[in-house]
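Residues per chain, in single letters:
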Amino acid sequence: MTAKQKLCMGLIPILLLLPIPAFADDDGEESIENLGWVAIGAGIIANLPFIVINKYRKYAVSAGGQSLIVARKIGSSFKAILNFHIILNSIGYFAGMTHGLLLSENLDSISLSLAITMTVLMVSGVLLRYTSSRNTRIFNRLLHGQFGLVILLVALIALHVLTSDD
């Protein structure tokens, strides 16, 4: 294991503790609600740059020319961007699930659907990143990269925020 990998493995547990400051105010319900906002914020920060870079890389291949040169430069830092995506989405997932578990007495169909969708995306992403079987990777790439699941996740988050009790 290289020094860089050891550093990453040491930082991951620390980064998973980032949602803890949401409890700093110790206002009970408000702190639990803050965990939901931590999850939403982490998801936006983790996914928007990743989606934009992936779309640009696909565009550059079809357009060629100068955009292909820029895409190659971006490609050299893609692994770091992917790791950023994984770490922040992990933080968002655990913050969101903690939020949901602490408010489980208010469970409704939207919240349950949101938890299932988040879990499917998280599990498929972890399997995509850390499995070596070709068939498993193909299946998880197809599942994890479904644009419909992203739209479903965004719609469920919006519905959850709009319908939650204030």
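This structure is a prediction, so every number in the text was calculated from the model and none was measured. (Residues numbered from 1 in each chain as written. Predicted model: local features only at pLDDT ≥ 70, side-chain atom pairs only at ≥ 80, totals over all residues. Heavy atoms only, no water.)

(A) Highlighting the overall build of the protein chain. When helices and strands are tallied, the protein chain shows 7 helices and 0 strands. Taken from N to C terminus, the helices and strands of the protein chain fall in the order α-α-α-α-α-α-α. With 166 residues in all, the protein chain has 27% of them scored as buried. Once local pairs closer than 6 in sequence are excluded, the contacts in the protein chain between residues at least 24 apart make up 65%. (Helix = DSSP H or I, 4+ residues; strand = E, 2+ residues; numbered from the N terminus. Buried < 20%, exposed > 50% of the residue type's maximum accessible area, 1.4 Å probe, protein only. Contact = heavy atoms within 4.5 Å.)

(B) The arrangement of the side chain of Asn-140 in detail. Tracing the chain through its elements places Asn-140 in helix 6 (residues 134–144). A relative accessible area of 3% means that Asn-140 is categorised as buried. Here the side chain of Asn-140 touches Thr-136 through a polar contact of 2.9 Å, landing on its backbone oxygen. When near neighbours in sequence (up to four residues on either side) are disregarded, Asn-140 contacts Ser-124, Leu-127, Leu-128 and Gly-145. (Polar contact = N/O pair within 3.5 Å; in protein donor to acceptor, adjacent residues only side chain to side chain.)

(C) Structural context of the nonpolar core. Ranked by size, the top nonpolar core spans 10 residues in total: Tyr-93, Met-97, Ile-110, Leu-114, Met-118, Leu-121, Met-122, Leu-149, Leu-153 and Leu-156. At 5 residues, helix 5 (residues 109–130) tops the list of elements feeding residues into this core. Beyond its immediate sequence surroundings of up to four residues, Tyr-93 is in contact with Met-118, Thr-119 and Met-122. Residues Phe-50, Ile-53, Ile-81 and Leu-82 belong to the second largest nonpolar core, which totals 5 residues. (Core = buried A, V, L, I, M, F, W, Y, C linked by side-chain atoms within 4.5 Å.)

(D) Layout of the packing of helix 4 (residues 78–102) against helix 5. Following both chains from N to C, one finds helix 4 and helix 5 inclined at 145°, their axes separated by 11 Å at the closest point. Considering the relative orientation of helix 4 and helix 5, their crossing is left-handed. Of the residues in helix 5, those touching helix 4 at Lys-79, Leu-82, Asn-83, Ile-86, Asn-89, Ser-90, Gly-92, Tyr-93, Gly-96 and Met-97 are Ala-115, Met-118, Thr-119, Met-122 and Arg-129. For the contact of helix 4 with helix 5, the class distribution of residues is 7 nonpolar, 6 polar and 2 charged. (Axes fitted to C-alpha atoms, helices over the stretch in contact; angles between N-to-C directions. Left-handed = near helix turned anticlockwise from the far one by under 90°. Nonpolar A, V, L, I, M, F, W, Y, C, P; charged D, E, K, R; others polar.)

(E) Inspection of helix 5 at higher detail. Between the first and last C-alpha of helix 5 there are 31 Å, a value that for 22 residues agrees with the 32 Å anticipated at 1.5 Å per step. Of all the residues in helix 5, the buried ones are Ile-110, Ser-111, Leu-114, Thr-117, Met-118, Leu-121, Met-122, Ser-124, Gly-125 and Leu-128. (Expected span 1.5 Å × (residues − 1).)

(F) Representation of the packing of aromatic side chains in the model. A complete count under the given rule lists 1 aromatic pair for this structure. Consider the rings of Tyr-93 and Phe-94, whose centres lie 5.3 Å apart with planes at 75°: the pair is edge-to-face. (Phe/Tyr/Trp six-rings, centres within 6.5 Å; stacked < 30°, edge-to-face > 60°.)

(G) Quick peek at the packing of helix 2 (residues 29–63) against helix 3 (residues 66–76). Where helix 2 meets helix 3, the axes come as close as 8 Å, and the angle between the chain directions of the two elements is 140°. The orientation of helix 2 relative to helix 3 falls into the category oblique. For helix 2 against helix 3, the interelement crossing comes out left-handed. Facing Ile-53, Tyr-56, Arg-57, Tyr-59, Ala-60, Val-61 and Ala-63 of helix 2, the residues of helix 3 in contact are Ser-67, Leu-68, Val-70, Ala-71 and Ile-74. Taken together, the residues of the contact of helix 2 with helix 3 break down into 10 nonpolar, 1 polar and 1 charged. (Parallel < 35°, antiparallel > 145°, perpendicular 65-115°, else oblique.)

(H) Local environment of the side chain of His-85. Within the fold, His-85 resides in helix 4. When its relative accessible area of 9% is taken as the criterion, His-85 is described as buried.

Interpretation note: all reported values are geometric properties and have no functional meaning in isolation.
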